[in-house]
Amino acid sequence: MLDQTHTALSAPQPYRRPVGITKGPGETTHEYTFVSRDDEQVLKNGEYVYYELADPDLAGVNGRAAPVRRVLGRILKRIPLQLYPDTFLGEPEIPPGDVAAMVGYNTRTNELFELHVAIMGYYDAPTGSFINPWIPPQSCKQIYLADNQMLAEILSRKQDKESGSATIGSLLTRAPQAVPIVLSVKDMVSTHLAIIASTGAGKSYLASVIIEELMQPHNKACVLIIDPHGEYGTLDQIANAPQFSEPGEGHTGYRAQIKVYKPEEVKVRISTLNMGDMRALLPEMTEKQQYLLSRALRKVNETKRGTTWGVADLKLAIKAVSRQKNDEDSDGADDSSTVHALTWRVEQRFEHSFTFDETQHLDLPEIFKPGQCTVLQLNEIDERDQQVIVATLLRRLNLARMNTERGKVHSGEAYLPYPVFVLLEEAHHFAPSGTEVVSTAILKQVLAEGRKFGIGVALISQRPGKLDADVLSQCQTQCIMRIVNEIDQKSVAAAIEGVGRDLLDNLPALSKGQVIVAGAGVNTPVICRVRQRYTKHGGESKDAPDMWRKYFSADTQESRRRSEAPLNGNRGFNLMR
Amino acid sequence: MFIGKIVKSDSHINYVCQINGPRDFEVEPGPADYAFGRFVRAALRSGQGEDPHTPDLGLGNGQRPTTYAVGVIYDTILQNPAFGSLGPRLSNEAQVELFSPDYIAEKAVLTYIMVLGIMEVRPSSDERLTVLSAMHGVPLLSLELGSDIETMTDEEVREFHFFSDPDGIENKAPYLHMGYLPHIITQRNSLLPMVTLRIIDQLERLFPHNLPLLSIVKRNFAWRLKVETTG
């Protein structure tokens, strides 16, 4: 990056004061150390500092000095060089400074620190990346603290409120809102996002912030949220909040739409189920049952030719297939018990299910619309059914996007001419590590091919250790919040290459609402403070003591006494007679 | 009280003082006056030679501020040239005193004094000294041979240790100083650490409010001197 002092002489520059002087190389090749008094306590861990390096590619013009590059680095650790002797600390009421003053050291600044800095490199605007100078700074170079404006320009790919930007918060080491951290929506959607945090660290809060950003007029995104806990219901306030609308003439105005599907409204058409889904829904089928069912499925799909079919059709097909098999088998093995068991299971599974329906299902163009955020609430639905819902939906979505992109469809239910972003809460339910569930394969496929067909996925999980490592490593933008569990920390470190070890060491120290953002969405890993939500948060824990107290409040006690009063059928009155 | 005169120096801050003998002064100092760890002072002849117009020792001289070097007695030697001459004498002790008094004068008490700093004082009417300023550390000027060594009163010792920092340093309120400690420690003499403890004892008596502060330094010294050297 060119130094403004050399390029724009007319604009007065704010006075820059060096904060320290380099001492020498650090522990590793890409580290250096510098020494600072740091009177103002600004050199925090993770803070950004730079030194200036003459740009050898650009010679000085008109006798002026050559332009300089600012080589940015991040402070890794801070080692005090001058400490009071332990014995000075022996009296709690006496500050050690007073002891030092008594023996003649009366300058108040005694602190001196050695700061270790990881070299990030100088920012190359055309490529949007940091280029390592491959040489540590000379000793005795002045070190400057990177100013807010500089950081705002180079840490994030996009600027605040720019089209395709998602401002999720501001840099943690600076004042709130001083340096906005802006994700590049294009990179985040095309190469997927992962939000990983322990419970209570604020992952659904962060996800909601990202959704809010996506729904603002500068993005107008097409978002689907799969919400197994029903935490995202409060996002419907987006429809009324002024931030999410844009005035325009006639139909050109914009207002974000939120559509919340309650659990009972989430339907899966039985005819979209494949054998894998059946296996998941009807666990522990015998080999014979599986064989019969797969043949029956094939048959019913062949006969119906793309139109819908129901449980009755499937049962008929099972019977037909079994008859056909009996005819083929000359030795006359009897399949009647298998057929009976299978039809009974199919009947029992699907006849009274409110999720699996003969005709209704989620209409893709209805749930996926630019400027609309759809929330599928899957609470109260069995986990196995949830997996099938996600699997069928992703399969249909993937097919629709694939066919639309390839020009195979031009209208109708399977025509989706825009990219979509799917946010998957509790992702470890849908792609657990160690075992294969019905949604794992399609999720892996979408993650691997989604870039081509415009399906972006955001995975949210509180147990990265339980999430399939392949799935996690496909997410190129990572938002990692506080993780205390060591196994989870290790699995994050293993799955995510983009974040340095030094940043991950901060994981247990992060507070609620602080997040390490790394990967494709930003230029360099940063620690960020998540901004305030515009809408109310829904995923809060219950206040148990408060609710217990309410149980004994006068009103509740009275109403409970009335409702629990025994109805004695006027017997007391009878006795009186 | 005058206790002796500078007769020799080992360095810029180490001086040897010969304690006044019986005939030198009206009041002969007793061993308590030149005890180990006692604060003493000696006037520095500053500036007088430079300005010929200054009235020398005239009227009003008493009101001019005087600069004193402040030191501490850290060693005592009893000098006796007769030691070792054990043979018989022609005259006994009483006769020697009568016939050759100079011979007696060769016996002397020598004390070693380390200079700790300087103070500028103005004599007040009631023979007390008002300390105008104090500085701990090595004085620029050296003492001269023959300078008179005086003991210091508790009040003077107090004022030598309790002053505010000179202008330019933020803390203006006076506080307890022991700025000479670092340079005492760097001297190579086995008695100096002990004298430091002695000084702290005196200061504890003079500054009861600063006991916790002094205890830090005292404990530190005591530990190093007593525990670490023995253990």
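What you see is a predicted model; the values in this text were computed from it and never measured. (Residues numbered from 1 in each chain as written. Chains lettered and ligands numbered in written order. Predicted model: local features only at pLDDT ≥ 70, side-chain atom pairs only at ≥ 80, totals over all residues. Heavy atoms only, no water.)

Counting secondary structure elements, chain A contains 19 helices and 22 strands. Against the 2.2 N^0.38 benchmark of 25 Å for 577 residues, chain A shows a C-alpha radius of gyration of 31 Å, more extended than a compact globule. For chain A, the spread of C-alpha atoms along the three principal axes comes to 100 × 85 × 60 Å. Expressed as a percentage of its 577 residues, the buried residues of chain A come to 50%. The long-range fraction of contacts in chain A, counting pairs at least 24 apart against all pairs at least 6 apart in sequence, stands at 73%. Side chains of chain A carry 66 positive and 71 negative charges; the gap between the two charge centres is 3 Å. (Helix = DSSP H or I, 4+ residues; strand = E, 2+ residues; numbered from the N terminus. Rg over C-alpha atoms; globule rule 2.2 N^0.38 Å. Buried < 20%, exposed > 50% of the residue type's maximum accessible area, 1.4 Å probe, protein only. Contact = heavy atoms within 4.5 Å. Lys, Arg positive; Asp, Glu negative; His and termini not counted. Charge placed at Lys NZ, Arg CZ, Asp CG, Glu CD.)

Turning next to the pattern of salt bridges. Going through the model one piece at a time under the given rule, you end up with 33 salt bridges over all chains. Here Glu114(A) makes a salt bridge to Lys23(A), at a shortest N to O gap of 2.3 Å. Of this pair, Glu114(A) sits in strand β5 (residues 113-124) while Lys23(A) sits in strand β1 (residues 20-25), and the two are 91 residues apart along the sequence. Here Glu114(A) falls in the buried class, since its relative accessible area comes to 12%. Classification of Lys23(A) as partly exposed rests on a relative accessible area of 44%. Asp148(B) is the salt-bridge partner of Lys5(B), the closest N and O atoms lying 2.9 Å from each other. Within this pair, whereas Lys5(B) is found in strand β1 (residues 2-9), its partner Asp148(B) is found in strand β7 (residues 148-151), the two being separated by 143 residues in sequence. Residues joined by salt bridges that share partners form a network here, namely Glu212(A), Glu213(A), Arg531(A) and Arg533(A). (Salt bridge = Lys/Arg side-chain N within 4 Å of Asp/Glu carboxyl O.)

Moving on, we come to the packing of helix α8 (residues 311-328) of chain A against helix α9 (residues 336-350) of chain A. Geometrically, a packed helix pair is captured by the angle between its two axes and the distance between the axes. Residue and element names in this part refer to chain A. Orientation of α8 relative to α9, taken along the N-to-C sense of each, is 170°, at an axis distance of 10 Å. Relative to α9, the element α8 is oriented roughly antiparallel. Together, Val311, Leu314, Lys315, Ile318, Lys319 and Ser322 of α8 and Val339, Leu342, Thr343, Val346, Glu347 and Phe350 of α9 make up the contact between the two elements. Looking at side-chain class alone, the contact of α8 with α9 contains seven nonpolar, two polar and three charged residues. (Axes fitted to C-alpha atoms, helices over the stretch in contact; angles between N-to-C directions. Parallel < 35°, antiparallel > 145°, perpendicular 65-115°, else oblique. Nonpolar A, V, L, I, M, F, W, Y, C, P; charged D, E, K, R; others polar.)

On to the interface of chain A and chain B, then. Accessible area lost upon the coming together of the parts serves often as the stated size of an interface. The partner chain B presents 19 residues to the 13 residues of chain A that form the contact. Of the roughly 1300 Å² buried at the junction of chain A and chain B (both faces included), carbon and sulfur atoms supply 64%. At the boundary of chain A with chain B, the tally comes to one salt bridge. Put simply, Glu91(A) and Arg219(B) hold a salt bridge, and the shortest N to O gap is 3.3 Å. (Buried area = accessible area lost by both parts, 1.4 Å probe.)

Quick look at helix α5 (residues 192-206) of chain B now. All names here are of chain B. Over its 15 residues, α5 runs 21 Å from end to end, which matches the ideal 21 Å to within 8%, given 1.5 Å per residue. Within the sequence span of α5, burial applies to Leu192, Val195, Thr196, Leu197, Ile199, Ile200, Gln202, Leu203, Glu204 and Leu206. Here the buried face of α5 lies against β3 (39-43), β4 (66-79), β5 (108-123), α3 (154-161), α4 (181-186) and α6 (211-230). (Expected span 1.5 Å × (residues − 1).)

For the rest of this paragraph, the subject is empty space enclosed by the protein. Enumeration over the complete set of coordinates arrives at two cavities of 30 Å³ or more. In this structure, the largest cavity occupies an estimated 60 Å³ of space. When grouped by side-chain class, the residues that make up the lining of the largest cavity number seven nonpolar, two polar and one charged. Viewed by domain, the lining of the largest cavity spans two of them, domain 1 (2-146) and domain 2 (165-173 + 176-266 + 362-530) of chain A, each represented by three or more residues. Surrounding the second largest cavity, Val40(B), Arg41(B), Ala42(B), Ala69(B), Val70(B), Gly71(B), Ile113(B), Val115(B), Leu143(B) and Ile149(B) form its lining. (1 Å grid on protein atoms, 1.4 Å probe; cavity = no way out; pocket = protein on both sides within 12 Å on 5 of 7 lines; lining within 4 Å. Points joined across faces, edges and corners; volume = space filled by probe spheres on them. Domains from an automatic or database assignment.)

Quick look at the domain arrangement of chain A now. All names here are of chain A. Split by domain assignment, chain A resolves into domain 1 (2-146), domain 2 (165-173 + 176-266 + 362-530) and domain 3 (270-356). Averaged C-alpha coordinates put domain 2 and domain 3 at centres separated by 36 Å. Between domain 2 and domain 3, the residue contacts involve 13 residues of the former and 12 residues of the latter. Of the roughly 970 Å² buried between domain 2 and domain 3, counting both surfaces, carbon and sulfur atoms make up 59%. Considering only the surface of domain 2 that becomes buried against domain 3, Arg384, Asp385 and Val388 emerge as the three largest contributors, covering 41% of it. At the junction of domain 2 with domain 3, the criterion picks out two salt bridges.

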